[in-house]
Amino acid sequence: MKLDPKIPSGPLAEKWDSHKFNMKLVNPANKRKYKAIVVGSGLAGGSAAATLAELGYQVSCFCYQDSPRRAHSIAAQGGINAAKNYQNDGDSVYRLFYDTIKGGDFRSREANTYRLAQVSTNIIDQCVAQGVPFAREYGGLLANRSFGGAQVSRTFYARGQTGQQLLLGAYSALTRQIGIGAVKMFPRTEMLDLVVVDGRARGIVVRDMISGEISSHAADAVILATGGYGNVFYLSTNATGCNVTATYRAHKKGAFFANPCYTQIHPTCIPQSGDYQSKLTLMSESLRNDGRIWVPKKKGDDRPPHQIPEDERDYYLERKYPSFGNLAPRDISSRSAKEACDDGRGVGPTKVGVYLDFSDAINRLGKDVIADRYGNLFDMYERITGENPYETPMRIYPASHYTMGGLWVDYNLESTVPGLFVLGEANFSDHGANRLGASALMQGLADGYFVIPYTIGNFYARSGNSDVTTDHPEFKKAEAEVTERTKKFLSIGGKRTPDSFHRELGKIMWEYCGMARNEAGLKKALEQIPKLREDFWSDLKILGSGEELNQMLEQAGRVADFLEFAEMMCYDALDRDESCGAHFREEHQTKEGEAKRNDDNYAYVAAWEHTGVGSKPNLHKEPLVFENVEFATRSYK
C-alpha cells in the first residue's frame, strides 16, 4: 500500500490556507445530518467534541474517567508554546517550525509541523477568551518563559498548572454543548474495538465500566484522541490508567502504526524510591529556567549537597551545551543524566538521580519570586519526598513520558482506515523523533480546535452519510469478539495479577528499549515478550465478574494489548538502525556520545501494518521530503 500524506501543493506558508479554501464544505443545515464519535476527552478530544458540536454536528464523546476533567491532559505543568513574539526576542512562526523540526531530529513532516506553528497563535487567543488564567506581566500583558530546545521565550503558562487550566477551558466549552444536547457524553465507558464496514470506520464497541454492559455506537466518522502509550514501561509519568488499547485495537482493524519506537524520556522526574511504586511523578521542565543541574565531580561522593563546594560540582549541561545549558532538549538532557549516574556520580539513596538546584536563583531573585513561579511544584515535591527544595536541591532522574509515535495520519489527520481520524498524542504527526517541551498541549488544541473541524467536514462532504446502524453484522461480530475476549480473561484461573505481568513487561522494555537501545538487547526483548505473553494467557488471575465494576478486568485488557504492542515497538527500534532524537541506538553515536542519524537510509516514517499476533508486522515507508530546511547535525553546543 502506498502511503499518501495528501500534502497540499504550493509554498509551505500557504499550504494550510490554500487547503482550507479548496476543501469541500457542509452547509450549516446539513451538518445536523452527520454523526461523529470522539474517543477521549482531554485537550484534543474535548476541544474537538466541543468545536464539532458548536458547528452543528451530532457528537458522542467517550472517556473512561468519571469526568472529562480527569483526562491526563490535566497533569501537564510547564506551559504551551505559541509564536506570538510578545518578548520581541526574535520569535516567529518559522522559528517555531524550525525549532520543532530540529528538536525532532529531522524526522517529522514539514507541512504538518509548519501548520502546528502557524495555528499556535490562534490557540492562545482562544484560551484567553475562554478565561484561561495565563500568567501576566506587571503591566497586564501575557507572560512568557523559555523551555528546552529554544533560545526564545514563547511558552505561555499558568504557574505549574497549565494543563489543568487549559483543560478546564476546553471542558467549559464541552459542557456547554452537553448542556444544550449537542454532545452526548459517555463517562466511565471504555472503547474496546473499532467497527469497520466496507472499509470505512463506522463506530466502536464499548464497555460500561460500572455495569459491565458491552454495547455498540455508530457514526459517520470516528475520532481517536486517546493519548499515548508511555505506560508500556509500567513506570512512567502517565496516570496509571493511560493505555494503548484504543489505538492498538484500531491498528488491528487496519490502521497503520507509525514510529512506535519514538518514546520520549523526560529529564526532570522524581527518582523511583521503591518497588512498590505504580508511577513516577513529573517535575515540570519549566524548573530548568531557574534550576541548575549538577552532580559531584568525584565518584561516590556521599556528602550532603551543601557540603560540596562549587569547584567540586559538575554542572554538566552547562559544560557540554553552553549555548542552551540547562535548557538543552529533553532527549539530550536525559541521556546526560544517565551518563552521569552510570559513571558513578549519581546522588540520593539509590545513586540514580542528579541535583536540580535553585540556590543561585533564590539568592539572585529572592525566595518570593521563585515561590511565585513554581510554588505549587515545590509543594508537591516536598509532599512526595519530605525534602524542602527551597533549602535542599531537588533530586531528579529521567522517566518515560510522552510518545511521539502513534497511528499514521495524513495531512487531514485521517488514518489508513477511511473515516478514522486521530488527534493529539494518539497520532504520530508533528514531533518526529523527539518532542520539545510545551508542544503537546499545543498539538492537542491545534488538532481539536483548528484542524479537525475543517478536515472532517471535507470528509463528510466527499463521502456522505449512510444508514449504517448498530444492527449491521459487523457491529454484532465485533461485540461478540469483545464479549468472548472478556470471558477468556475471567476463565483462565491462574495465579498472577495483571499488574505483575505489566511490571515484568515494563522492566524488559526499560532495560532493552528504553533510554538506549542496541541490537542484542532488542533481540533479547523480542525473545522474552512472546514468552511473557504466553504466560499471561495461561496464568492470569482475575477476581470478580464482568457484569460489575472490575478494575482488575480493565487492567487485564490493557496489559494484553501492551504485551502485543511492545513487540511491534521493539521491531521498529530494531529496524531503525540509526540514532535520532529520543531513539538512541548505542551502535550509532559520535565520539561525544551524541545521536548519529543516517539520513540516506532512514529519512522516512515507518508505518507498520498488523499481520497477526506473534507475526512480524509489515513495514511501509513514507519518505520525508525537506524542501524548506536542510539536514543538519543537531547541535545545542
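Residues numbered from 1 in each chain as written. Predicted model: local features only at pLDDT ≥ 70, side-chain atom pairs only at ≥ 80, totals over all residues. Heavy atoms only, no water.

### What about the overall build of the protein chain?
Within the protein chain, the secondary structure is distributed over 17 helices and 20 strands. Relative to the 2.2 N^0.38 estimate, which gives 26 Å for 637 residues, the radius of gyration of the protein chain is 24 Å and therefore close to what a compact globule would have. The dimensions of the protein chain, computed from C-alpha atoms along their principal axes, are 75 × 60 × 50 Å. For the protein chain, the residues scored as buried account for 61% of the 637 residues in total. Sequence-distant contacts in the protein chain: of pairs separated by 6 or more residues, those separated by 24 or more amount to 74%. Summed over all atoms, the accessible surface of the protein chain reaches about 24,100 Å², with 47% contributed by carbon and sulfur. Side-chain charges in the protein chain split into 77 positive and 79 negative, and the spacing between the mean points of these groups amounts to 1 Å. (Helix = DSSP H or I, 4+ residues; strand = E, 2+ residues; numbered from the N terminus. Rg over C-alpha atoms; globule rule 2.2 N^0.38 Å. Buried < 20%, exposed > 50% of the residue type's maximum accessible area, 1.4 Å probe, protein only. Contact = heavy atoms within 4.5 Å. Areas by Shrake-Rupley, 256 points an atom, 1.4 Å probe, with all protein chains shown as cover. Lys, Arg positive; Asp, Glu negative; His and termini not counted. Charge placed at Lys NZ, Arg CZ, Asp CG, Glu CD.)

### So, the sheet that holds strand E3 (residues 80-81)
The three strands are arranged E3-E5-E4 in an open sheet whose pairing can be described as antiparallel. In this open sheet, the two strands that pair with only one neighbour each are E3 and strand E4 (145-146). Strand direction decides the pairing type here: E4 and strand E5 (residues 153-156), joined by two bridges, are antiparallel. In the strand pairing of E5, Arg 145 is matched with Thr 155. (Pairing = 2+ DSSP bridges.)

### Details of helix H15 (residues 519-539)
The terminal C-alpha atoms of H15 lie 30 Å apart, and with 21 residues this matches the ideal 30 Å at 1.5 Å per residue to within 8%. Within H15 the residues assigned to the buried category are Gly 521, Leu 522, Ala 525, Leu 526, Ile 529, Leu 532, Arg 533 and Phe 536. All buried residues of H15 fall inside an arc of 140° around its axis, so they share one side. Exposed side chains of H15 directed beyond 90 degrees from the buried face belong to Ala 520, Glu 527, Lys 531 and Glu 534. Looking at the packing, one finds that the buried side of H15 touches helix H13 (473-491), helix H14 (498-513) and helix H16 (551-575). (Expected span 1.5 Å × (residues − 1). Arc of directions from axis to C-beta.)

### Details of the nonpolar core
The biggest cluster of nonpolar side chains holds 141 residues, and the ones touching the most others in it are Ile 80, Leu 420 and Met 509. A per-element tally of this core places H16 first, with 13 residues. Each residue touching Leu 420, except ones within four places of it in the same chain, is listed here: Leu 194, Ala 201, Val 222, Leu 224, Ala 250, Ala 255, Leu 407, Leu 413, Glu 414 and Ser 415. Counting 31 residues, the second-largest nonpolar core is a separate cluster that includes Ile 270, Met 283, Phe 378 and Met 394. (Core = buried A, V, L, I, M, F, W, Y, C linked by side-chain atoms within 4.5 Å.)

### Regarding the packing of aromatic side chains
The final tally for this structure, using the stated rule, is 32 aromatic pairs. Measuring from centroid to centroid gives 5.5 Å for Phe 421 and Phe 459, while their planes differ by 80°, and the two rings are edge-to-face. With Phe 421 in strand E18 (residues 420-422) and Phe 459 in helix H12 (residues 440-463), this residue pair connects regions lying 38 residues apart in the sequence. No difference in accessibility class separates Phe 421 from Phe 459, as the two residues are buried. Plain terms: the ring middles of Phe 626 and Phe 631 are 5.1 Å apart, the flat faces sit at 65° to each other, and that makes the pair edge-to-face. The exposure class assigned to Phe 631 is partly exposed, which follows from its relative accessible area of 36%. Put simply, the rings of Tyr 34, Tyr 57, Phe 421, Phe 459 and Tyr 460 touch in pairs and so form one group of aromatic residues. Sitting over the ring of Tyr 64, Arg 558 keeps its end group 4.9 Å from the ring centre. (Phe/Tyr/Trp six-rings, centres within 6.5 Å; stacked < 30°, edge-to-face > 60°. Lys NZ or Arg CZ within 6 Å of the ring centre and 35° of its normal.)

### A word on the sheet that holds strand E13 (residues 292-296)
One open sheet accounts for five strands, arranged E12-E16-E15-E13-E14; its pairing is antiparallel. Each edge of the open sheet carries a strand with a single partner, namely strand E12 (263-269) and strand E14 (313-314). Sheet topology places E13 next to E14; two bridges connect them, and they run antiparallel. Looking at the pairing, Val 295 lines up with Asp 314 of E14. Packing of helix H9 (residues 330-345) onto the sheet brings it into contact with E12, E13, E14, strand E15 (354-357) and strand E16 (394-403), and relative to E12 it is tilted by some 65°. (Axes fitted to C-alpha atoms, helices over the stretch in contact; angles between N-to-C directions.)

### Comments concerning the domain arrangement of the protein chain
Interface extent is often summarised as the accessible area lost during association of the parts. Each assigned domain of the protein chain is listed here: domain 1 (12-264 + 402-463) and domain 2 (266-401). The C-alpha centroid of domain 2 is placed 31 Å from the C-alpha centroid of domain 1. In this complex, domain 1 contributes 30 residues to the contact, which on the side of domain 2 involves 32 residues. Taken over both partners, the interface formed by domain 1 and domain 2 buries close to 2,500 Å², and the fraction arising from carbon and sulfur atoms is 49%. Summed over the three residues of domain 1 that lose the most area to domain 2, namely Gln 77, Leu 235 and Thr 237, the buried surface amounts to 26% of that side. For the pair domain 1 and domain 2, the number of links is zero salt bridges. At the boundary of domain 1 with domain 2, the tally comes to 20 residue pairs in polar contact (both at pLDDT 80 or more). Looking at the side of domain 1 that touches domain 2, the elements that each hand over two or more residues are E4 and E16. The class makeup of the residues in the side of domain 1 that touches domain 2 is nine nonpolar, 17 polar and four charged. (Domains from an automatic or database assignment. Buried area = accessible area lost by both parts, 1.4 Å probe. Salt bridge = Lys/Arg side-chain N within 4 Å of Asp/Glu carboxyl O. Polar contact = N/O pair within 3.5 Å; in protein donor to acceptor, adjacent residues only side chain to side chain. Nonpolar A, V, L, I, M, F, W, Y, C, P; charged D, E, K, R; others polar.)

### Observations regarding the packing of helix H1 (residues 15-22) against H12
Angle between the axes and distance between the axes: these two values describe a pair of packed helices. Where H1 meets H12, the closest approach of the two axes is 10 Å, and the angle between their N-to-C directions is 35°. Crossing geometry of H1 relative to H12 is assigned as left-handed. Residue-level inspection shows Trp 16, Lys 20 and Asn 22 of H1 in contact with H12, the latter providing Phe 450, Val 451, Tyr 454, Thr 455 and Arg 462. (Left-handed = near helix turned anticlockwise from the far one by under 90°.)

### Topic: empty space enclosed by the protein
Scanning the model with the defined rule gives nine cavities of 30 Å³ or more in all. Looking at the largest cavity, it is lined by 13 residues, and the ones nearest its centre are Leu 192, Thr 486, Phe 489, Leu 553 and Gly 557. When residues of the lining of the largest cavity are traced back to their parent elements, those giving at least two are strand E7 (189-197), helix H7 (245-252), H13 and H16. By volume, the second largest cavity is sized at about 100 Å³. Contributing elements (two or more residues each) for the lining of the second largest cavity: H7 and H16. With three residues, H16 is the largest single contributor of residues to the lining of the second largest cavity. For the lining of the second largest cavity, the class distribution of residues is four nonpolar, six polar and three charged. (1 Å grid on protein atoms, 1.4 Å probe; cavity = no way out; pocket = protein on both sides within 12 Å on 5 of 7 lines; lining within 4 Å. Points joined across faces, edges and corners; volume = space filled by probe spheres on them.)

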